[in-house]
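Each chain, letter by letter, is given below.
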Amino acid sequence: MSDQGELYGDSWILHYILDRWMGNQEIVAIRRKLTLVTEQIYNAGEDDSNMIFTGSRTEGLFMKGSDDDYMFIDNNVLVICRDQDTTTTPDIANKTVFIMRDAHSRPGYVNLKLIKVGHRICKHVSESIVPVGDLNFISSEMYRRSFTDEYSNLFQTTTDTSGPATTLVNEQTRTGRNADCVRAFKCNSWPTEADEWVNRSRLHEWPGKCLIDEIVQGGCYLVPVGDKTSFDTFLQWRISFVTAERKLIHSIGHVQFQVYCLIKYLKKQISTSLKQIYGDADIVSSYVIKTVLLYALEFTPLSFWQEKNLFLCLMLCLNILITWVNAAYCPNYFINTNNMFLGKVHGENQQKLLLFLEDLHNMTWGCLSIGTFFKPSIGEYIRRVKHGAWEIVLATPARLERESDLTIIQGTVVNTVQATHPKLFKHLGNLLCKSESDMYEYVAYYHMTSALTCKGMETFEKQLPSRGNKDKYNCLRKSKKTMTPFASVCSSPGLLTLATYHYQTGNYNKTLEMCGHVIKSWRLFLWNRPYEEDEDRYEHLYCGCGYNLLYKCQQAFVSSVKFSRTCRLMCPSQLHPELPLTGDVTIPPRPYAIFLSFLCYHDLGDTRRRDAALTQLQTVENDRYQGVSKWWIVHNILGICYEMIGDKVRAFREYTESMGAKTAFQFHNPAKARIQQLKQAH
């Protein structure tokens, strides 16, 4: 290894590269806070289930190739530990209750025996209960499969499972990334299997007693997957500590977090090699990597985790992993008698894996240059900086502001809760009143005005059965009033939703004015990450000027317009076939604004401006963000316009191309039905 001075110097460069590449301390903190506040907002509007963000993203790490991970907790089910006194369990009367029982497997897996059935038991639970002699248990395999089948029916395609999770591929998610969804049950008590973790001797006092107590009070979860090394997994459930792990990762320092990023980076880089050598790229899983870090933090003093020791910290973690592979024993962090390598790391393959990891360790700094998952590699970045490319690691204040803005605004827009539950409004009101930073104020106000717009759309839906013109007028006035605040927050969906209201009530001039505002102005479209040149333009126009987040959102960003079948009247009738039975139809803002303008001119009989709008729509078809390469619905919108002007040949062509588009949510596409209607009309 190089001399100490060079080691420290290169470690400092590595520290700054990771700050720029994976997020500095401020960005990581923003990601974590945003995750937690979004989770709270989502759960404030739900009664039957709660959602928990899990995985790397909730820990503050955004890495290429990472999935979105979610856990959904059935609030009508409660699991209790062995020999737990049920009389002290709150709210047990209304819930379906299971009790943990021995599963004849590795520690950390249990069977769940049914004690009582609650008033609001869901079909997934009731249909998964099986008799075993005189007792009833719930099958993890049946429970997991019931949700997988439901997703398969919803998306009209085969849906895979990975461990306890149902995996949705990027074409089935609104973020454009793969998502792992786990359904789980809550246990409010700490399982006896993990008592050793609570009482473990810790030389360096991490985690501290307060954090340990907080984690124990949070209990655990039961996820539907069995022990693959046992004879029968049909009834087995795994004890999960996802929120405990999140609390632990959130408690560590920035250098420690950077080491976590580094070993996860290394895992991604060597995944192809592992698959070639071992036949399984996930043999060194993300959970094993996290376990390595958590034990390393316990084994070493805080003083060791410094920027100048960053590479030494990485080597320490690699040494721990090598030791475990050599022993064929990877102890679960919370239940250390659970060997996570059991049935995986043994025999000839164990020796191959050990040799590979030892070679990796012997490469020292060279290990950061191998692999092709990330290009260029971190090793290449270090080489460039040492040759004078300091711009890689030195960010201007404006650049840091830009990264912070994109993290907050995009994270808020993509995860907006579409709900009108009274508890949601109460929670958002409290959050808004108590907000102590620009971020919290923006997040609360954005979600509040978005929820008000949803309420306004529901109110608009009630106009049809209203009695008399006065009742209808009051209903429409209330609808407009509740949708107006969101229009001042963002051009899309806020202003375009209000423009749709004006179109539906016959105020075409107002609709055209609002649509023109969206069509003519430049804004960043928040779907996936914008292109570098667009981010540069945003930085030039809005960063370093003292603007707050609400102003920046209104002036510089747009996202998609959404309509659901439950608010069918708000959606233009021409798009009703696109409304899915569940979920919503999502339309990029610029094509929708032009389409709405086309409808106004058509109804006004202004063929010249109508045709000009159609020409604009033909141009936006090739937009790299909002065109047909990303959105099949843009084909459909063009097809509808061609139908309305009597050009059935072009309409048929657009619908045909729409059917063949490899874009998200293709299973909702009604293009085939539209083609059939064209043929019948012809």
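What counts as what
Residues numbered from 1 in each chain as written. Predicted model: local features only at pLDDT ≥ 70, side-chain atom pairs only at ≥ 80, totals over all residues. Heavy atoms only, no water. Helix = DSSP H or I, 4+ residues; strand = E, 2+ residues; numbered from the N terminus. Rg over C-alpha atoms; globule rule 2.2 N^0.38 Å. Contact = heavy atoms within 4.5 Å. Lys, Arg positive; Asp, Glu negative; His and termini not counted. Charge placed at Lys NZ, Arg CZ, Asp CG, Glu CD. Buried < 20%, exposed > 50% of the residue type's maximum accessible area, 1.4 Å probe, protein only. Pairing = 2+ DSSP bridges. Phe/Tyr/Trp six-rings, centres within 6.5 Å; stacked < 30°, edge-to-face > 60°.

Draft legend 1. Main features of the overall build of the chain. Helix and strand counts for the chain come out as 27 helices and 15 strands. Taking 682 residues into account, the globule formula puts the C-alpha radius of gyration at 26 Å, and the chain, at 28 Å, falls close to it. Each principal axis of the C-alpha atoms in the chain carries an extent, and together these give about 80 × 75 × 50 Å. Considering only contacts within the chain whose residues lie at least 6 apart along the sequence, 67% involve residues at least 24 apart. Charged side chains of the chain number 75 positive and 71 negative; the gap between the two group centres comes to 6 Å.

Draft legend 2. The pairing of strand β9 (residues 179-187), seen in detail. With respect to burial, β9 is a largely interior element, eight of its nine residues being buried. The pairing of strand β2 (residues 68-80) with β9 spans eight bridges and is parallel. Looking at β9, one finds that Leu78 is bridged to Lys186. In the sheet, β9 pairs with strand β10 (residues 220-223) via three bridges, with the strands oriented antiparallel. Within the sheet, the bridge partner assigned to Lys186 lies in β10 and is Tyr221.

Draft legend 3. Just the pairing of strand β11 (residues 236-240), in detail. Counting buried positions over the five residues of β11 gives four, a clear majority of the element. Where strand β4 (residues 109-116) lies against β11, three bridges are found, and the strand directions are antiparallel. Among the inter-strand pairings, Val110 is bridged to a residue of β11, identified as Trp237. Judged from the three bridges that link them, β10 and β11 form a sheet pairing that is antiparallel. Across the sheet, Tyr221 pairs through a bridge with Ser240, a residue of β11.

Draft legend 4. Fine view of the packing of aromatic side chains. One pass over the structure, following the stated rule, counts 37 aromatic pairs. When the ring of Trp197 is compared with that of Tyr333, the centres are 6.3 Å apart and the planes differ by 70°; the resulting orientation is edge-to-face. Of this pair, Trp197 sits in helix α6 (residues 195-199) while Tyr333 sits in the loop between α12 (310-327) and α13 (347-362), placing them 136 residues apart in sequence. In terms of burial, Trp197 and Tyr333 fall into one category: buried. When the ring of Tyr503 is compared with that of Tyr508, the centres are 5.7 Å apart and the planes differ by 35°; the resulting orientation is tilted.

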